[in-house]
Amino acid sequence: MKPGWKKGTKITFPDKGNEQPNQLPADLVFVIDEKPHDVYKRDGNDLIMNHKVSLAEALGGTTVNFTTLDGRNLSIPVTDIVSPGYELLVAREGMPIAKEPGNRGDLKIKFEVNFPTRLTHE
């Protein structure tokens with residue numbers, strides 16, 4: 001398997017399937033499927049990650065800490081005001097692009113703001 005292969009990709013091993021007397025061996029064909037991930041969702045070559053922030057973090061800034069699919073720990077500072085539906089694009093942190101070695105899609109962090117049900121004087 002190569003990193004970045006998409007769901008539905010077929011891998012064929014010619015003449016490696018069932019063998020029977022007086023018949024040519026069949027081809028062995030594998031079809032790639034995708035296993036759901038707890039953090040990331042794939043969108044083509046991009047990855048989508050949902051991240052919840054408090055109202056204070058949405059207004060005052062925060063840092064998103066996460067582990068990439070290949071095991072690296074990243075910290076992405078968020079300095080913009082996060083409004084509902086805000087999306088932050090992190091270039092080249094998505095899926096490897098199978099036909100472009102060394103190139104990757106993007107990571108899209110979609111924010112959800114946890115609004116308090118009531119406010120205190122603080």
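What you see is a predicted model; the values in this text were computed from it and never measured.

The rules behind each value
Residues numbered from 1 in each chain as written. Predicted model: local features only at pLDDT ≥ 70, side-chain atom pairs only at ≥ 80, totals over all residues. Heavy atoms only, no water. Core = buried A, V, L, I, M, F, W, Y, C linked by side-chain atoms within 4.5 Å. Buried < 20%, exposed > 50% of the residue type's maximum accessible area, 1.4 Å probe, protein only. Helix = DSSP H or I, 4+ residues; strand = E, 2+ residues; numbered from the N terminus. Contact = heavy atoms within 4.5 Å. Salt bridge = Lys/Arg side-chain N within 4 Å of Asp/Glu carboxyl O. Pairing = 2+ DSSP bridges. Axes fitted to C-alpha atoms, helices over the stretch in contact; angles between N-to-C directions.

Looking now at the nonpolar core. Residues F66, V82, L107, I109 and F111 are the most contacted members of the largest nonpolar core, which totals 19 residues. If you list the elements that add at least two residues to this core, you get β4 (46-54), β5 (62-67), β6 (73-78), β7 (87-90) and β8 (107-114). Counting residues per element, this core draws most heavily on β8, which supplies four residues. Contacts of F66, omitting those with residues within four sequence positions, involve Y40, M49, R72, N73, L74, I76, L107 and I109.

Turning our attention to the pattern of salt bridges. Using the criterion set out here, one finds six salt bridges in the structure. Of the charged contacts, one joins E34 and R42 as a salt bridge, the two residues approaching to 3.4 Å between their closest N and O atoms. Since its relative accessible area comes to 35%, E34 is described here as partly exposed. The exposure class of R42 is buried, given its relative accessible area of 18%. Between K108 and D46 there is a salt bridge, with its nearest N and O atoms 3.5 Å apart. Taken together, the residues span a long stretch of sequence, with K108 in strand β8 and D46 in strand β4 at a distance of 62 residues. Here K108 matches D46 in class, with each residue buried.

Now for the sheet that holds strand β3 (residues 40-43). On the basis of which strands lie adjacent, the open sheet formed by four strands has the order β3-β4-β8-β7 and mixed pairing. Bordering the open sheet on either side are β3 and β7, each of which pairs with just one other strand. Pairs of neighbouring strands in the sheet enclose a mean axial angle of 30°, with direction left out of account. The sheet contact formed by β7 and β8 spans four bridges and is antiparallel. Across the sheet, the residue bridging to L88 is I109, located in β8.

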